[in-house]
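# Geometric and topological summary
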Amino acid sequence: GFAGLSVVREIEFDCIKIDRSFLHASITLRGAEIFKGIVELVRSTGCDIVVEGIETEDQRLTCVDLKVDLLQGYHLGRPTSADLLRHAVRQAEAMA
């Protein structure tokens, strides 16, 4: 859900998710500076950073360059159930 910046000051978080709209706006110079600033602000809190809405390789690379902790989006994989994910992990472990 949505939360204003004052919540970051008032509540201790382990992880903060950055909305896809900030990433998608980063195609402009101003949008890129705002996105970078948000990532730096969140990093200064000591929280892990999740960016949602990764839909292209360029977006993924932008996040990698900014050392974002966790990425989420269709470019990386479609949503799936926990059961299917566990099954895929077991299969991968069995092949290793």
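Bear in mind that the values here come from a model prediction, so they are computed numbers and not experimental data.

### Details of the overall build of the protein chain
Helix and strand counts for the protein chain stand at five helices and three strands. Written out in order from the N terminus, the α and β elements of the protein chain read α-β-α-α-β-α-β-α. Counting only C-alpha atoms, the protein chain reaches 45 × 30 × 20 Å along its principal axes. Residues classed as buried in the protein chain amount to 21% of the 96 residues present.

### As for the nonpolar core
Core analysis: the biggest nonpolar cluster contains 13 residues, and Phe-35, Val-39, Ile-49, Val-51, Cys-63 and Val-68 have the highest contact counts within it. The set of elements that each furnish at least two residues to this core consists of strand E1 (15–18), helix H3 (29–44) and strand E2 (48–52). Aside from chain neighbours lying at most four places away, what touches Val-39 is Ile-18, Ile-49, Leu-66 and Val-68.

### Quick notes on the packing of aromatic side chains
Evaluated as defined, the whole model comprises zero aromatic pairs. Its guanidinium or amino end placed over the ring of Tyr-74, Arg-78 lies 4.3 Å from that ring's centre, counting from NZ or CZ.

Conventions we followed
- Residues numbered from 1 in each chain as written.
- Predicted model: local features only at pLDDT ≥ 70, side-chain atom pairs only at ≥ 80, totals over all residues.
- Heavy atoms only, no water.
- Helix = DSSP H or I, 4+ residues; strand = E, 2+ residues; numbered from the N terminus.
- Buried < 20%, exposed > 50% of the residue type's maximum accessible area, 1.4 Å probe, protein only.
- Core = buried A, V, L, I, M, F, W, Y, C linked by side-chain atoms within 4.5 Å.
- Contact = heavy atoms within 4.5 Å.
- Phe/Tyr/Trp six-rings, centres within 6.5 Å; stacked < 30°, edge-to-face > 60°.
- Lys NZ or Arg CZ within 6 Å of the ring centre and 35° of its normal.

These results come straight from atomic positions and should not be treated as a statement about function.
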